Structures are given as structure tokens and as C-alpha cells.
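# Remarks on the overall topology
Each chain, letter by letter, is given below.
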Amino acid sequence: MIQAFYLGWRYLAFHRFKTAILVTSITLIVFLPVGLRVLVNQSSQQLTSRAEATPLVIGAKGSPLELVLNTLYFRSEVPEPLDFAEVTALEATGLARAIPLYVRFRSRGWSIVGTTLDYFEFRRLRVVSGRQMTMLGECVLGSRVADDLAVGPGDHVVSSPESVFDLAGVYPLKMRVAGVLAHSDTADDDAIFVDLKTSWVIQGLGHGHQDLTRPEASSGVLRRDDTNVTANASVVQYTEITEDNADSFHFHGGLSRFPVTAVVVVPPDQKSSTILQGRYETVESLTQIVRPVTVMDELLETILTVQSFVVAGAVIVGLATLASASLVFLLSLRLRRREIETLFKIGGSRAAVGTVMVFEVIVVLLTSVVLAGGLTLLTREFGSAAIRAFMRM
Amino acid sequence: MSRSRWVVSLVVSSWLLLGGCASPDDPERPGPGEGNDGLTVYAVNYPLAYFGERIGGDGVEVVLPVPAGEDPAFWSPAPEQVEAFQHADLIVLNGAGYAKWVERVTLPTSKLVDTTGGVRDRLIGIESTVTHTHGPEGDHSHGETAFTTWLDPTLAVDQAWSIAFELSTRWPASVEGWQERIAEIEQDLSVLDASLQQVFSERRDEPLLGSHPVYQYLARRYALNLESVHFEPHEFPDDAAWAELEASLARHPARWMLWEGEPMAETRTRLEELGVTSVVFDPCGNRPDEGDLLSVMQSNVENVRRAFGSN
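Residues numbered from 1 in each chain as written. Chains lettered and ligands numbered in written order. Predicted model: local features only at pLDDT ≥ 70, side-chain atom pairs only at ≥ 80, totals over all residues. Heavy atoms only, no water.

Turning next to the overall build of chain B. When helices and strands are counted, chain B shows 9 helices and 9 strands. For chain B, the residues scored as buried account for 51% of the 311 residues in total. Sequence separation of 24 or more characterises 61% of the internal contacts of chain B that already satisfy a separation of 6 or more. Carbon and sulfur atoms make up 51% of the accessible area of chain B, which amounts to about 14,300 Å² in all. (Helix = DSSP H or I, 4+ residues; strand = E, 2+ residues; numbered from the N terminus. Buried < 20%, exposed > 50% of the residue type's maximum accessible area, 1.4 Å probe, protein only. Contact = heavy atoms within 4.5 Å. Areas by Shrake-Rupley, 256 points an atom, 1.4 Å probe, with all protein chains shown as cover.)

Right, dumping it as C-alpha cells:
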């Protein structure tokens with residue numbers, strides 16, 4: 001028996017190129033459906049867990065999927081805005097805590113998320129370097145943003161213009177980094193958090209400029225009377241909020257009319273949640289209330305259907321590969337006819353020769369399965385991070 | 001299944017592979033209210049701190065971080081002081097545009113209490129604010145509401161009640177007995193209101209001057225014929241200010257000027273030459289060196305009574 005194994009092993013070692021191709025093909029075809037399933041399961045678990053951790057979301061009427069993806073993952077199109085008054089009205093009901101989000105602007109490709117400090121408490125986000133934002137114009141960075149931009153507390157990031165062709169648009173705002181959040185392996189790592197009011201300053205709803213009633217601003221004044229000063233285009237507007245100019249920043253109009261893209265709603269109990277959902281689910285309401293977990297479940301159903309097709313395809317390819325591998329083994333038997341005859345002539349029994357052949361097949365298959373298992377374990381540990389790193393290159 | 005849904009699914013499937021994976025929650029993340037033994041309430045001015053201290057009793061520590069001698073209405077906190085506000089259990093605001101710095105810092109909205117939020121219809125707009133225009137937004141101004149609301153004791157009662165409501169709703173066990181304490185505050189403010197009514201009723205139609213535009217609520221509550229100038233207690237007014245005052249006196253012949261603090265001796269003398277007696281009526285925006293809100297207000301009443309009596 002040992003001799004038969006030795007002969008089989010020597011054969012595989014001698015034809016190492018052919019063996020390697022066989023092992024690689026079978027490994028990949030075993031690994032692909034299994035690895036894909038592991039990745040999708042991990043991802044959907046994460047999607048569901050973030051959705052489950054977000055009880056309700058209120059937004060303007062429109063696509064619930066767009067609203068949820070924008071609110072939970074800071075991706076997809078920007079939903080239609082709501083008035084901030086919606087947040088205060090919701091708070092006034094006493095039925096839930098309302099956490100506003102304004103996810104519209106970006107800085108070097110990263111989402112700028114305007115919100116309140118309640119968001120950090122709600123998501124249990126912790127500042128590991130620097131401190132929490134305190135002043136208008138400050139921001140805290142998600143860990144991946146800080147790593148990618150190589151910035152930390154005391155550095156600055158600048159908001160990007162929404163369109164390079166918008167020459168009359170608002171000035172980019174230079175924001176001071178107050179702190180960096182601990183790595184959470186969620187979408188929060190990929191965001192730049194600012195105070196809601198700072199996001200309104202980015203939009204131009206609030207700004208700072210020279211005091212037009214003072215003599216040194218006279219060059220920026222077009223007309224002045226007892227009750228009104230009209231500025232000309234040369235009035236200096238600030239693009240960074242500093243200790244020196246912070247007092248000059250102000251907002252135009254009532255904050256209640258200012259925009260937010262969504263409100264994360266955190267009711268204390270199921271009864272309050274049900275009452276709230278009932279209030280918003282009227283035909284004439286211009287807002288919608290969604291349960292992110294429901295929206296994500298619907299999406300995952302679709303994804304799982306797509307995944308089934310992918311897996312089915314992989315299984316078919318696998319069967320084809322196994323058929324090819326069988327053909328390779330059968331053809332190799334024909335090619336090895338003289339070798340087999342020699343084995344018989346030197347006294348090898350039929351069983352011993354068969355053992356050599358079967359051993360070769362078993363070694364190839366076992367090696368492939370073990371390698372596929374190893375790859376699956378690696379995928380479980382590092383798959384998502386590796387793909388993410390690869391895609392960011 | 002619609003075609004667009006398939007497309008979204010495919011896009012999201014790809015994204016799922018890119019960024020969806022996560023580790024479980026970090027056990028080191030802090031929870032709400034962690035590290036606090038008792039309740040800590042931050043206030044933006046002394047009257048609110050005073051009400052908070054009396055309503056909260058021993059279960060509540062009330063902090064007013066404004067340094068002595070500074071006007072809380074125009075003070076601005078440093079970032080580390082804002083952090084202290086962020087860690088408070090409750091942040092009591094005056095509203096009515098008081099303490100503009102609140103608009104320029106990041107505070108947790110769920111901890112904010114606007115004590116004049118329920119009485120907005122009783123706030124006084126400032127008509128003489130200069131507006132400015134630039135860009136397409138039209139006219140706008142940077143200050144529009146009178147903010148020394150507590151000088152009207154009936155408004156002060158409402159402010160005290162809003163603090164009592166928040167404390168008793170959020171932490172009923174920590175402020176046990178609050179009903180008696182708010183009743184005492186109401187009673188004290190009612191006595192103060194009666195004293196002010198009585199002292200001002202003696203000279204109701206007499207023209208009065210305010211050294212600063214901070215007495216709007218006092219004037220409305222007691223129907224005072226009061227106009228304001230912009231004199232600082234610790235600065236001798238320049239010639240233009242005196243000329244403006246004299247012009248004002250020509251049409252509004254006031255014999256008394258209410259001051260937020262003791263004016264300079266030269267200013268007092270010059271005013272007396274113009275026939276105007278200086279009367280200190282301290283709004284008590286910051287914590288007094290001695291006494292408390294009620295004792296300061298009582299001494300304001302005495303100052304007015306003495307001044308009115310001597311003329």
C-alpha cells in the first residue's frame with residue numbers, strides 16, 4: 001500500500017504543472033459559491049443590524065430605499081429635503097427622540113453629515129483622538145476618512161463645490177478637524193460629521209462677513225440709510241470660521257425652514273412607535289415614515305434572488321469543471337497505458353495499480369477542498385476589507 | 001420584480017461586497033449619562049441658575065460658567081467650556097436671542113431647554129435694528145428680540161416653571177419636593193412684582209431713561225415711559241453721546257436714568273447737571289457678589305423708591 005501511495009505521489013510531483021492546474025481549478029470552483037455566500041451573509045447581516053439599530057426614519061415622500069440608503073449609509077441620491085420644523089414638531093409630540101441628518105455635501109469624495117450630538121450617543125460613537133466638535137465650522141472624522149486623507153485634530157478639510165460650473169455658488173468652507181472617531185467598521189467610518197448648523201453654512205444659509213455698519217466696511221457698502229445697509233459684491237465673506245470671526249456668523253431667516261434630508265426617530269417604546277407611524281401614514285402628508293429594517297429586508301430578498309442565480313451559475317461552471325477534470329483523469333489513463341502495462345509486467349496487481357490511480361485523484365481532490373476551505377476562512381476574516389482596499393486603489 | 005429594482009439590487013449587491021462587513025459593538029463605547037453621580041445643570045445666566053438651584057435642591061448641581069464681572073449675554077465660551085456644557089445633563093437657555101454664542105456652538109439638542117419657548121408671543125421685538133442686504137436673500141438683521149425677559153416677574157415665573165417641568169419630567173426622583181419649591185419661587189416673584197408695581201406706580205407717566213436697552217420687559221410690565229441710550233457704567237460717554245442725550249432729553253425730559261451698574265462719578269455728576277438722577281437697577285444677569293436674585297431685585301426696588309422719593 002505504501003508503495004502504491006509512493007508511486008502515486010511521485011507521479012503527481014513529476015507532473016506538477018498538470019497537478020497544479022487541476023488543484024487550482026477544483027479549488028476555485030468549490031470556493032466560489034461558498035465564499036460568495038459567506039461574503040453576502042456577512043454583508044447582509046451588517047446591513048440588517050444597522051437597519052435594526054435604527055427604529056424609524058422620516059423623510060420627504062419619495063423612494064424609501066433612497067431615503068434609507070442615504071440616512072444609514074450616506075450613499076445614493078440626496079432625498080428631497082424636509083424643513084427643520086419637522087424635527088421640532090416631532091420632538092414636541094414627546095413620542096420620540098428626533099435626530100436630524102443633512103447628508104448632501106462632500107469633501108474629496110467623502111460624505112459630510114450634518115447632525116446633532118445626539119447622533120453620536122445614538123450610534124455609540126467615541127472620539128479616540130482630539131475632542132468632540134464644539135464650535136461652528138468644526139468637524140469630526142470617521143476613522144477611514146482620517147486615514148485616507150491623512151488628517152487629524154488641528155488639520156483642516158474643505159467642502160467640495162456641488163458643481164464646478166456653479167460659479168455663483170457658495171464658497172467652500174474650510175473646516176477644522178476637532179477629533180477622529182474610533183473605528184466602528186460601519187458607514188460612520190466613511191463620513192465627516194459636522195454640526196447641522198455648519199452644514200447650513202456650507203449651503204450658504206448662514207455666513208459671516210464684515211460688520212457693514214462699521215466704517216472699515218464702507219468700501220463694501222453700496223447704499224446706506226437709517227434702517228438698511230446694502231452691500232456690494234466686494235463685501236468680504238469668510239470661508240473659514242475662526243475665533244476672530246465666529247461672532248459675525250449668522251443665519252438668514254428662521255431655522256425652522258432650513259433643510260434636513262432625514263430624521264432618525266427613536267421612540268422609547270413600541271406604543272409610541274405605532275402611534276407615530278399612524279400619524280405619518282396619511283395620504284395628504286408630504287413626509288413618509290419608514291422602518292429601515294423592512295426596507296432593507298425587501299432589498300435583501302432581491303439580493304438573495306440575484307445571489308441564487310450567481311450561485312447556480314457557479315454550480316454549473318463547477319460541474320463543467322469537474323467533468324473536464326474527470327476527462328483529464330480518463331485521458332491521462334490512456335496516455336499512461338504503457339506505464340500501467342509496465343507496472344503489471346513487474347508484478348503489480350490490478351488492485352495495486354488501481355490504488356495508485358485512486359490515490360492520485362483523492363490527493364488532488366482533498367488538496368483542492370482543503371485549499372478552498374482555507375480560502376473561505378480567509379474570506380470570512382479579511383474578505384470585505386481586502387475587496388474594499390482593492391477597490392479604493 | 002421591476003427592472004429598476006433589479007438594477008438597484010445589483011448595484012447594492014456590489015456595494016455589499018465592498019463595505020458591508022462589521023464587527024460587533026465596541027463594549028468600551030460610553031453610554032448616556034455615564035460617570036455622573038448627581039444631576040448637573042448648566043445655565044446661560046444667573047436668573048436661570050438661581051431658579052435651577054432652588055427647584056433642584058440638593059439633588060442638582062447648577063453651573064453658571066460665566067466669569068464674575070462679565071455680562072453672560074455677550075460672553076462666549078472656550079471650546080473646553082462648550083465641552084463641559086455638552087456633558088451636562090440639562091442645558092438651560094434663556095431664549096429670546098440671549099447668549100448668541102449658543103447659535104455658534106455644538107450642543108446636544110435633546111438636553112436643551114428654551115425657557116421662553118412657550119411664551120414667544122410675549123417676547124418683545126426690537127424695531128430699530130439696522131438691517132443689511134447682500135446677495136439675493138433680501139434684508140436681514142442680526143438681532144431682533146429683547147432678551148432680559150426675567151425683568152418681568154410674570155415671565156420669570158414662566159421661565160422657572162419650564163425648568164421645573166423639565167427636571168421633574170426627566171428625573172422626578174432627583175427633584176423630589178419640587179412642587180413646594182416652585183410654589184415658593186412663584187410667591188417670591190409675586191411679592192417682587194407687587195413691590196415693583198407699587199414703586200413705579202408713583203411715577204407712572206414720568207419720562208425715564210435706561211442707560212442701555214435692557215429694560216424693555218420692565219417698561220412693558222409696569223407701563224414705564226422709558227427710552228434708552230447706550231451709556232456704559234465704566235466708560236465716560238463721548239461728546240456725541242452727550243449731544244444725543246441732550247437731544248433725547250429735549251423731547252423726553254427724563255429726571256431719572258436706570259443703570260445696570262454704578263456709573264462713574266463724573267458721569268453721575270454730568271447727568272445731575274442735566275437734571276438727571278442716576279438710579280442703579282441691576283438686571284442681575286450674572287451671579288452677584290453678595291445676595292441672590294431676589295435680594296438684588298429688592299435693592300433695585302429700594303434704589304428706585306429712594307430716587308423717586310428724593311425728587
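Next up on the list: the domain arrangement of chain A. Residues and elements named next belong to chain A. When its domains are assigned, chain A resolves into domain 1 (2-47 + 299-392) and domain 2 (56-208 + 249-290). With 5 residues of domain 1 at the interface, the matching set in domain 2 holds 7 residues. Along the contact surface separating domain 1 from domain 2 lie 0 salt bridges. Remark: the boundary between domain 1 and domain 2 carries 0 residue pairs in polar contact (both at pLDDT 80 or more). (Domains from an automatic or database assignment. Salt bridge = Lys/Arg side-chain N within 4 Å of Asp/Glu carboxyl O. Polar contact = N/O pair within 3.5 Å; in protein donor to acceptor, adjacent residues only side chain to side chain.)

Another aspect to go through is the nonpolar core. Of all hydrophobic cores here, the largest spans 78 residues; its most connected members are Phe-51, Ile-55, Trp-101, Phe-200, Leu-218 and Phe-281 of chain B. Counting contributing residues, this core receives three or more from each of domain 1 (3-179) and domain 2 (190-309) of chain B. Sequence-distant contacts of Phe-51 of chain B, that is, excluding residues within four places in its chain, are made with Ala-156, Ala-160, Ile-163, Ile-185, Leu-189 and Leu-293 of chain B. Core analysis: the next-biggest nonpolar cluster, separate from the first, contains 43 residues, Leu-56, Trp-110, Met-175 and Ile-192 of chain A among them. (Core = buried A, V, L, I, M, F, W, Y, C linked by side-chain atoms within 4.5 Å.)

Here we take up the sheet that holds strand E6 (residues 207-210) of chain B. Residue and element names in this part refer to chain B. As summarised here, the arrangement of the 4 strands in space is E7-E6-E8-E9, forming an open sheet in which the pairing is parallel. Unpaired on one side and paired on the other, strand E7 (225-228) and strand E9 (277-280) mark the two borders of the sheet. Across the sheet, the axes of successive neighbouring strands diverge by a mean angle of 30 degrees, strand direction being ignored. Relative to E9, strand E8 (residues 256-259) runs parallel, the two being bridged by 4 bridges. Bridge assignment links Met-257 to a residue of E9, and that residue is Ser-278. Against the sheet, helix H9 (residues 293-309) contacts E6, E8 and E9, and its axis sits at roughly 160 degrees relative to E9. (Pairing = 2+ DSSP bridges. Axes fitted to C-alpha atoms, helices over the stretch in contact; angles between N-to-C directions.)

Now for the sheet that holds strand E4 (residues 112-114) of chain B. Residue and element names in this part refer to chain B. Spatially, E2-E1-E3-E4 is the arrangement adopted by the 4 strands of the open sheet, whose pairing is parallel. Among the strands making up the open sheet, the edge pair consists of strand E2 (60-63) and E4. Averaged over neighbouring strand pairs, the angle between their axes works out to 25 degrees when direction is ignored. As defined by bridge partners, strand E3 (residues 90-93) adjoins E4 across 3 bridges and the pair is classed as parallel. Within E4, the residue paired with Val-92 across the bridge is Val-113.

This brings us to the pattern of salt bridges. This model, assessed by the stated rule, comprises 24 salt bridges over all chains. The salt bridge partner of Asp-188 of chain A is Arg-50 of chain A, with a shortest N-O separation of 2.9 Å. Placement of Asp-188 of chain A in the loop between strand E8 (174-181) and strand E9 (191-195) and of Arg-50 of chain A in helix H2 (residues 16-52) is noted, with a sequence separation of 138 residues between them. Assessed through its relative accessible area of 2%, Asp-188 of chain A is described here as buried. Between Glu-103 of chain B and Lys-100 of chain B there is a salt bridge, with its nearest N and O atoms 4.0 Å apart. Residue Glu-103 of chain B is classed as partly exposed on the basis of its relative accessible area, which comes to 31%.

Turning to the confidence of the model for chain B, a few remarks are in order. Residue and element names in this part refer to chain B. Taken as a whole, chain B shows an average pLDDT of 85; of its residues, 82% reach a score of 70 or greater. Here helix H1 (residues 3-19) stands out as the least confident element of chain B, with mean pLDDT 45; E3 is the most confident, with 97. Confidence drops under a pLDDT of 50 for residues 1-36, and excluding neighbours within four residues, the segment shows 61 contacts in the predicted structure. Predicted complex metrics record ipTM = 0.74 and pTM = 0.77. (pLDDT = per-residue confidence, 0-100.)

This next bit is on the pairing of E6 of chain B. The side chains of a regular strand alternate between both faces of the sheet. Residue and element names in this part refer to chain B. Side chains of E6 alternate between two faces, with Pro-207 and Leu-209 and Leu-208 and Gly-210 buried alike. In terms of strand pairing, E6 meets E7 through 4 bridges, oriented parallel. Of the residues in E7, the one forming a bridge with Gly-210 is Ser-228. For the crossover that starts at E6, traverses helix H6 (residues 216-221) and ends in the parallel E7, the hand is right-handed. (Right-handed = clockwise from strand over helix to strand, strands pointing away.)

Further remarks concern the packing of H2 of chain A against helix H9 (residues 292-335) of chain A. Geometry of a packed helix pair, given as the angle between the helix axes and the separation of the axes. Residues and elements named next belong to chain A. Between H2 and H9, the shortest axis-to-axis distance is 10 Å and the interhelical angle comes to 175 degrees. Regarding the angle of H2 to H9, the classification is roughly antiparallel. Split by residue class, the contact of H2 with H9 holds 20 nonpolar, 7 polar and 4 charged. (Parallel < 35°, antiparallel > 145°, perpendicular 65-115°, else oblique. Nonpolar A, V, L, I, M, F, W, Y, C, P; charged D, E, K, R; others polar.)

Now for the packing of helix H3 (residues 64-73) of chain A against H9 of chain A. All names here are of chain A. Following both chains from N to C, one finds H3 and H9 inclined at 110 degrees, their axes separated by 10 Å at the closest point. If you check the angle between H3 and H9, you find them roughly perpendicular. Crossing hand, H3 versus H9: left-handed. Of the residues in H9, those in contact with Pro-64, Leu-65, Val-68, Leu-69, Leu-72 and Tyr-73 of H3 are Pro-292, Val-295, Met-296 and Leu-299. Its residues assigned to classes, the contact of H3 with H9 shows 10 nonpolar, no polar and no charged. (Left-handed = near helix turned anticlockwise from the far one by under 90°.)

For any two aromatic rings, the description comes down to two numbers: the centre-to-centre distance and the angle of the planes. Counting across every chain of the model gives 27 aromatic pairs over all chains. On the numbers, 5.3 Å between centres and 65 degrees between planes, the contact of Phe-120 of chain A with Phe-193 of chain A is edge-to-face. Taken together, the residues span a long stretch of sequence, with Phe-120 of chain A in helix H5 (residues 117-123) and Phe-193 of chain A in strand E9 at a distance of 73 residues. Overall, Phe-193 of chain A belongs to the buried group, its relative accessible area being 0%. Aromatic side chains Trp-161 of chain B and Trp-178 of chain B sit 5.9 Å apart centroid to centroid with 90 degrees between the ring planes, which places their arrangement in the edge-to-face category. Residue Trp-161 of chain B is located in helix H4 (residues 153-170), and its partner Trp-178 of chain B is located in helix H5 (residues 178-201); the two are separated by 17 residues in the primary sequence. (Phe/Tyr/Trp six-rings, centres within 6.5 Å; stacked < 30°, edge-to-face > 60°.)

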